[in-house]
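# Coordinate analysis (summary)
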Amino acid sequence: MSEESRKVIYSAMQPSGHPSLGNYLGALKNWKDLKNDFDCIFSIANMHAITVRQDSANLRKKTRDLITLFIAIGLDPEKNIIYYQSDVSAHAELSWILNCFTYMGELNRMTQFKEKSLKHNENINSGLFTYPVLMAADILLYQTDVVPVGEDQRQHLEICRDIAERFNNIYGEVFKIPEGYIPKVGAKIMGLQNPTKKMSKSESDNDNNVIYLLDDLNLIRNKIKRSVTDSENEIRFSEDKPGISNLLNIYGAVTGKTPQDAEREFSGYGYGKFKEAVAEAVINEIKPIQEKYKELSADKSYIDSVIKNGAEKASYIANKTLKKVKKKVGFPIF
Ligand code: TYM
């Protein structure tokens, strides 16, 4: 594909909690797999992260840790743009403008807002409510074609498309209308202890429920060993077996197989041996990432340079779109 015709991929991750296997299989792994065929832009969504109260020093550290992890999984700061959302002020500016093109009723329907309001009922701030508008601004600033995310972001992508179409209907073709890329396998990894609920990186109550990408490898093995299954001792991918199905899904996503293929591969296995095989596959995938992460973490000046260059490159593209938008809505442009 020529450089000119390459499509743009945009995605982001919040630096809240510790990155989980769910984040990896639903998003990061696909970013890595797609990175050579698209112009890729990936951000650390630290402006989204403050919709929930954060400790400042800890947030700063996690933001840096996450950009380091992006590189450790194989994103290439020479070829891909990797940056901090808060370094590009166009996000906040476009977000404000788009707020004026988004209806309260639309935002009221967002399931993630409802869930987070229940979880953080002492702090239901308006940033939490308009969170999807900032996310739309992220995506639309870069004239994005494709947004690779997990299943839980589907509704946010839909509202982004609606906002963009509404704006375009009034002002002409300002924004490209993005498509989602939600993987067939791995888009919704469930908790190991509670396989009917998604594995979440911000979970604090039950550490055994979540595999964190930077967990000690033995701990990962033990968490998988302890994962909840059922009393049948039969490896079958089926709705009435959420624990086993989740492990088959994890195995499939890690190895590039379908859960059905995985089911056939493990036919006749007992749960113990099956869990060992899943753990080995996960560890094989994560081990090189952890090694690279350790190496990169020691290279302060390299990470500093990635952050600085990423901010410059992202700002350049974002400001081009922002300028167009400002002109359209009637702000003076010099
Ligand atoms: P965040 O930080 O919650 O999650 C990052 C990515 O991980 C995916 N994910 C999962 N995938 C499969 N199984 C799971 N259990 C699982 N948990 C999380 C998410 O779907 C996501 O792709 N609002 C976004 C960040 C964001 C963004 C954007 C994404 C901000 N601006 C622009 C795309 C485009 C979020 O909170 O993701």
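Residues numbered from 1 in each chain as written. Predicted model: local features only at pLDDT ≥ 70, side-chain atom pairs only at ≥ 80, totals over all residues. Heavy atoms only, no water.

### Here we look at the environment of Ile82
Checked against the element boundaries, Ile82 lands in strand β3 (residues 81–84). Filtering out sequence-adjacent residues up to four positions away, Ile82 remains in contact with Phe42, Ile67, Phe70, Ile71, Leu75, Asp76, Pro77, Val306 and Gly310. (Helix = DSSP H or I, 4+ residues; strand = E, 2+ residues; numbered from the N terminus. Contact = heavy atoms within 4.5 Å.)

### Some remarks on the domain arrangement of the chain
On domain assignment, one finds that the chain holds domain 1 (3–183 + 300–329) and domain 2 (207–295). Facing the 14 residues of domain 1 at the interface are 14 residues of domain 2. Here domain 1 packs against domain 2, burying approximately 1,200 Å² in sum over the two surfaces, 77% of which is carbon and sulfur. For Lys32, the salt bridge goes to Glu285, with nearest N and O atoms at 3.7 Å. Between the two partners, domain 1 and domain 2, sit three residue pairs in polar contact (both at pLDDT 80 or more). Of all elements in the fold, only α1 (21–34) and α3 (56–72) reach the threshold of two or more residues within the side of domain 1 that touches domain 2. Considering only residue class, the side of domain 1 that touches domain 2 consists of eight nonpolar, three polar and three charged. (Domains from an automatic or database assignment. Buried area = accessible area lost by both parts, 1.4 Å probe. Salt bridge = Lys/Arg side-chain N within 4 Å of Asp/Glu carboxyl O. Polar contact = N/O pair within 3.5 Å; in protein donor to acceptor, adjacent residues only side chain to side chain. Nonpolar A, V, L, I, M, F, W, Y, C, P; charged D, E, K, R; others polar.)

### Observations regarding the site of the ligand
Around the ligand, 26 residues are found, and the nearest of them are Gln14, Tyr131, Asp138, Asp152 and Lys201. Side-chain polar atom of Gln14 to an oxygen atom of the ligand: 2.8 Å apart, as the coordinates give it. Asp152 is positioned such that a nitrogen or oxygen atom in its side chain is 2.4 Å from an oxygen atom of the ligand. Its free accessible area being 720 Å², the ligand has 97% of it covered by the protein chains. For the shell around the ligand, the secondary structure elements donating two or more residues are β1 (8–13), α1 and α7 (126–141). Its residues placed into classes, the shell around the ligand shows 13 nonpolar, nine polar and four charged. (Near = heavy atom within 4 Å. Areas by Shrake-Rupley, 256 points an atom, 1.4 Å probe, with all protein chains shown as cover.)

### Describing the packing of α1 against helix α10 (residues 242–255)
Where α1 meets α10, the axes come as close as 11 Å, and the angle between the chain directions of the two elements is 40 degrees. Between α1 and α10, the angle is such that the two are oblique. Note on packing geometry: the crossing formed by α1 with α10 is left-handed. On α10, the residues that touch Leu21, Leu25 and Lys29 of α1 are Ile250, Ala253 and Val254. (Axes fitted to C-alpha atoms, helices over the stretch in contact; angles between N-to-C directions. Parallel < 35°, antiparallel > 145°, perpendicular 65-115°, else oblique. Left-handed = near helix turned anticlockwise from the far one by under 90°.)

### So, the nonpolar core
Leu21, Leu28, Phe70, Ile224, Ile250 and Val282 are the most contacted members of the largest nonpolar core, which has 59 residues in total. Ranked by residues supplied to this core, first place goes to helix α12 (residues 271–297) with 11 residues. Looking at this core, you find at least three residues from each of domain 1 (3–183 + 300–329) and domain 2 (207–295). Look past the residues within four positions of Ile224 in its chain and what remains in contact with it is Leu192, Ile211, Leu247, Lys275, Val278, Ala279 and Val282. In this structure, Ile97, Ile139, Val174 and Phe175 belong to the second largest nonpolar core, which totals 39 residues. (Core = buried A, V, L, I, M, F, W, Y, C linked by side-chain atoms within 4.5 Å. Buried < 20%, exposed > 50% of the residue type's maximum accessible area, 1.4 Å probe, protein only.)

### What to know about the packing of aromatic side chains
Per the stated rule, a full pass over the model turns up 12 aromatic pairs. For the pair Phe113 and Phe129, a centre-to-centre distance of 5.0 Å together with 70 degrees between the ring planes defines the contact as edge-to-face. Taken together, the positions of Phe113 in helix α6 (residues 111–119) and Phe129 in helix α7 put the pair 16 residues apart, joining distant regions of the chain. For the pair Phe113 and Phe129, a shared accessibility class is recorded, and that class is buried. What links up through ring pairs into an aromatic cluster is the set Phe101, Phe167, Tyr171 and Phe175. The side chain of Lys273 reaches across the aromatic face of Tyr269, ending 4.7 Å from its centre. (Phe/Tyr/Trp six-rings, centres within 6.5 Å; stacked < 30°, edge-to-face > 60°. Lys NZ or Arg CZ within 6 Å of the ring centre and 35° of its normal.)

### Quick word on the packing of α7 against helix α8 (residues 154–171)
In the contact formed by α7 and α8, the axes pass within 9 Å of each other and the chain directions differ by 70 degrees. As far as their axial angle goes, α8 and α7 are roughly perpendicular. The interaxial crossing formed by α7 with α8 has right-handed handedness. Contacts between α7 and α8 involve Tyr131, Pro132, Met135, Ala136, Ile139 and Leu140 from the first element and His156, Leu157, Ile159, Cys160, Ile163 and Ala164 from the second. Of the residues assigned to the contact of α7 with α8, the class counts are 11 nonpolar, one polar and no charged.

### Notes on helix α9 (residues 217–225)
Of all the residues in α9, the buried ones are Leu217, Ile220, Lys223 and Ile224. Summarising the axial view, the buried residues of α9 lie within an arc of 115 degrees, below the 170-degree limit, and thus occupy one face. Residues of α9 that are buried make contact with α10 and α12. Two or three places before Asn218, at the opening of α9, Asp216 has a side-chain oxygen 3.0 Å from that residue's backbone nitrogen. (Arc of directions from axis to C-beta.)

### Observations concerning the pattern of salt bridges
For the structure shown, the criterion picks out 25 salt bridges. A salt bridge links Glu151 to Arg154; its shortest N-O distance comes to 2.8 Å. Since its relative accessible area comes to 30%, Glu151 is described here as partly exposed. According to the relative accessible area criterion, Arg154 is partly exposed, its value standing at 37%. Between Lys308 and Glu312 there is a salt bridge whose closest N-O contact spans 3.5 Å. Of this pair, Lys308 and Glu312 both sit in helix α13 (residues 300–329), four residues apart, which is roughly one turn of that helix.

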